[in-house]
Amino acid sequence: LIVDLETPEIDLADWSARLAAASELRVAGDEPAAQTEGSGRQSPPLADMLDPWLRSVRVRSELRVANIRGAVLPVTDFSLGISIEEETLTLPVSVIMGGVPFRGGISVHTEGELVRVRAPLVGPPSDAGELLRLLFAVEELAGRHEGLRVVASGEGRTLAELVDSVRVSGSVDGARIS
């Protein structure tokens, strides 16, 4: 299956409202559709939901969005690929956030009931003034870096465990701020 999607803009406020509405849906017996450990109810292992797809489907697709409104930082030139091959879901990504370009990807694979996610992003040398001004709310801030690396990773049997386990690390080479 090969699908390419492109849209000039996505409004996150609309997506947030849809997700909030979906989380309030009820199923038979008036129980919430999504169950979490915190509520005392059990959700099925995430791997049980992913494994059939990862084992039986081959997919290559890409989504391109010129502008994403409603994000914490300005997000432009967003591209997200989707590939499922050899029991691994890979999501190559490129994006410009706050004027700083990033490239990387997200990989998802299962081991038994455990789902592992890793998401490295790399930013080539670039001006970081816009990003710094947005992050620190200081108008006369300028900066440049010679390379950025950010890695997020996590693992879990349920979505809640996966989200709770996420760790982020990063480094910046040759940063100059004035």
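Cut-offs and rules
- Residues numbered from 1 in each chain as written.
- Predicted model: local features only at pLDDT ≥ 70, side-chain atom pairs only at ≥ 80, totals over all residues.
- Heavy atoms only, no water.
- Helix = DSSP H or I, 4+ residues; strand = E, 2+ residues; numbered from the N terminus.
- Contact = heavy atoms within 4.5 Å.
- Areas by Shrake-Rupley, 256 points an atom, 1.4 Å probe, with all protein chains shown as cover.
- Core = buried A, V, L, I, M, F, W, Y, C linked by side-chain atoms within 4.5 Å.
- Buried < 20%, exposed > 50% of the residue type's maximum accessible area, 1.4 Å probe, protein only.
- Salt bridge = Lys/Arg side-chain N within 4 Å of Asp/Glu carboxyl O.
- Pairing = 2+ DSSP bridges.
- Patch = residues over 30% accessible without salt bridge, like charges linked within 9 Å, V, L, I, M, F, W, Y side chains within 5 Å.
- Arc of directions from axis to C-beta.

1. Focus on the overall build of the protein
Here comes step 1: Looking only at helices and strands, the protein features four helices and 13 strands.
Here comes step 2: Considering only residue pairs separated by 6 or more positions, the protein has 49% of its internal contacts joining residues 24 or more positions apart.
Here comes step 3: Accessible surface for the protein amounts to roughly 11400 Å². Of this, 59% is attributable to carbon and sulfur atoms.

2. A word on the environment of L54
Here comes step 1: Note that L54 resides in helix α2 (residues 46-56).
Here comes step 2: Residues within four places of L54 in sequence aside, it is in contact with I84, E87, T88, L89, V108, H109 and T110.

3. A word on the nonpolar core
Here comes step 1: Membership of the largest hydrophobic core comes to 26 residues, with the highest contact counts inside it found for F78, L89 and V100.
Here comes step 2: At the level of elements, α2, β4 (59-69), β5 (75-85), β6 (88-97), β7 (100-111) and α3 (129-136) are the ones that each hand at least two residues to this core.
Here comes step 3: With near-sequence residues (within four places) excluded, V100 lies in contact with V95, S126, D127, A128, L131, H145 and L148.

4. Points about the pattern of salt bridges
Here comes step 1: One pass over the structure, following the stated rule, counts seven salt bridges.
Here comes step 2: A salt bridge links R64 to E62, with the nearest nitrogen and oxygen atoms 3.1 Å apart.
Here comes step 3: By relative accessible area, which is 26% here, R64 ends up partly exposed.
Here comes step 4: Across the salt bridge formed by R176 and E146, the nearest N and O atoms sit 3.4 Å from each other. Taken together, the residues span a long stretch of sequence, with R176 in strand β13 (residues 176-177) and E146 in the loop between β10 (143-145) and β11 (147-156) at a distance of 30 residues.
Here comes step 5: For R176, a relative accessible area of 46% puts it in the partly exposed group.
Here comes step 6: By relative accessible area, E146 is classed as partly exposed at 35%.

5. Considerations on the sheet that holds strand β9 (residues 126-127)
Here comes step 1: Strand order in the open sheet formed by three strands is β9-β10-β13, and the pairing between neighbours is antiparallel. Two strands bound the open sheet, and with one partner strand each, they are β9 and β13.
Here comes step 2: Bridging between β9 and β10 involves two bridges; their strand directions are antiparallel. Within β10, the residue paired with D127 across the bridge is R144.

6. A short note on a nonpolar patch on the surface
Here comes step 1: On the surface, L135, F136 and V138 cluster together to form a nonpolar patch covering roughly 300 Å² of accessible area.
Here comes step 2: Considering the arrangement of structural elements, one finds F136 in helix α3.

7. Some thoughts on α3
Here comes step 1: Along α3, the residues classified as buried are G129, L131 and L132. The arc enclosing the buried residues of α3, seen along the axis, measures out at 160 degrees, which places them on a common side.
Here comes step 2: Contacts from the buried residues of α3 go to β6, β7, β9, β10 and β13.
Here comes step 3: Two residues or fewer after α3 comes A137, characterised by a positive phi angle close to 50 degrees.

8. A short note on the pairing of β6
Here comes step 1: Summarising the sheet, β5 and β6 pair through seven bridges and their orientation is antiparallel. When the sheet's bridge partners are listed, I84 is paired in β6 with L89.
Here comes step 2: As paired elements, β6 and β7 share 10 bridges and run antiparallel to each other. Considered in β7, the bridge of T90 is made with S107.
Here comes step 3: Linking β6 to β7, which pair antiparallel, is a turn of two residues; within it G98 sits at a positive phi near 60 degrees.

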